[in-house]
Amino acid sequence: MEKLQYELVKLPAYKAIGLKWEGPYTEVSSLKEVIAEMSNRVAELAYVVEPEVQLGLSYHLRPDGFVHYSVFRVQEQQEVPVGMVDIRVPEMTYLKVTHDKGQDIGHTYSKIYQWFKQNEYIPFMESGLDYYDDLPIKHERYPVNRDPNDPHFEILIPVHKP
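Sequence order as written defines residue numbering, which begins from 1 separately in each chain. The model is predicted, so local features are restricted to residues of pLDDT at least 70 and side-chain atom pairs to those at 80 or more, both for listing and for counting; the totals for chains, interfaces and linings are taken over all residues. Water and hydrogen atoms were dropped before computing side-chain values, which therefore reflect all heavy atoms in the structure.

J.: Is there a simple way to explain the overall build of the protein in this structure?
T.: Labels follow the DSSP assignment, with helices taken as runs of H or I lasting at least four residues and strands as runs of E lasting at least two, numbered in each case from the N terminus. A tally of regular secondary structure across the protein gives 2 helices and 9 strands. Overall, the protein shows an N-to-C arrangement of helices and strands of β-β-α-β-β-β-β-α-β-β-β. Relative to its length of 162 residues, the protein is compact, with a C-alpha radius of gyration of 15 Å against a globular reference of 15 Å. Taken over the C-alpha atoms alone, the protein extends approximately 45 × 35 × 30 Å along its principal axes. Across the protein, every contact between residues at least 6 apart in sequence was considered, and the portion connecting residues at least 24 apart equals 74%. All tallies of charge rest on Lys and Arg as positive and Asp and Glu as negative; His and the ends of each chain are not included. Here the site of a charge means atom NZ of a Lys, CZ of an Arg, CG of an Asp or CD of a Glu. The centroid of the 17 positive side-chain charges in the protein is displaced by 3 Å from the centroid of its 25 negative side-chain charges. Note that the radius of gyration is over C-alpha atoms, with the globule rule given as 2.2 Å times the number of residues to the power 0.38. In this analysis, two residues are considered to be in contact whenever any of their non-hydrogen atoms come within 4.5 Å of each other.

Right, here's the structure in full:
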């Protein structure tokens, strides 16, 4: 079992555009179709910043599932194509972990949860919203050339010190 590397990084605010999915965990298989559709539609974004990195932004805002944005970073002047949405992510500090091919994603997330128990940071939550997960906001950065059945990607969990 490979040892996870934990790194704290501060990333600037950005605008992203893509497809929004919201549903229960029981329908998560339909999310894969949304992610695949978005990777096929990236060419519609004339002002894409990192076309080689697809973002998966998950917000656990419902008790039975979550809201997910399958998006790409774009420049400000990018218009929102039909059927897509835009999302603005503020400047935040993140715990960054790389999930490698061949590793169990559940195990990776459980190790991240353990990290929070042993450190002075806590997962960031937007005030006024109810979250339903110990890691309420998960941002994942996928290389577009990944293996969809065994992807390698970066996990970014927004954090702050209480």
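J.: Help me understand the pairing of strand 4 (residues 65-74), please; the structure alone is not making it clear to me.
T.: It is a general feature of regular strands that their side chains alternate between the two faces of the sheet. Among the 10 residues in strand 4, 9 count as buried, and that is most of the element. The pairing of strand 2 (residues 14-24) with strand 4 spans 10 bridges and is classified as antiparallel. Bridging from a neighbouring strand, Gly 18 pairs with Val 71 of strand 4. One ladder, built from 6 bridges, connects strand 3 (residues 53-62) with strand 4; its direction is antiparallel. Paired with Gly 56 across the bridge in strand 4 is Ser 70. For each residue, the accessible area found with a 1.4 Å probe, counting protein chains only, is set against the maximum for its type, and the residue is called buried under 20%, exposed over 50%, and partly exposed in between. When DSSP finds two or more bridges between two strands, those strands count as paired.

J.: What's the story with the packing of aromatic side chains in this structure? I'm lost.
T.: For any pair of aromatic rings, the description consists of the separation of the ring centres together with the inter-plane angle of the planes. Put simply, two rings from Phe, Tyr or Trp (the six-membered ring, in Trp's case) pair if the centres are within 6.5 Å, and we call them stacked under 30 degrees between planes, edge-to-face over 60, tilted for the rest. Evaluation of the coordinates by the stated rule reveals 7 aromatic pairs. Measuring from centroid to centroid gives 6.3 Å for Trp 115 and Tyr 121, while their planes differ by 25°, and the two rings are stacked. By way of ring pairs, the aromatic residues Tyr 6, Trp 115, Phe 116 and Tyr 121 are connected into one cluster. Its end group placed over the ring of Tyr 14, Arg 73 keeps NZ or CZ at 5.8 Å from the ring centre. In this structure, Lys 138 packs its charged tip against the face of Tyr 109, placed 5.4 Å from the ring centre. Here, a charge over a ring means that NZ of Lys or CZ of Arg falls within 6 Å of the ring centre while also lying within 35 degrees of the ring normal.

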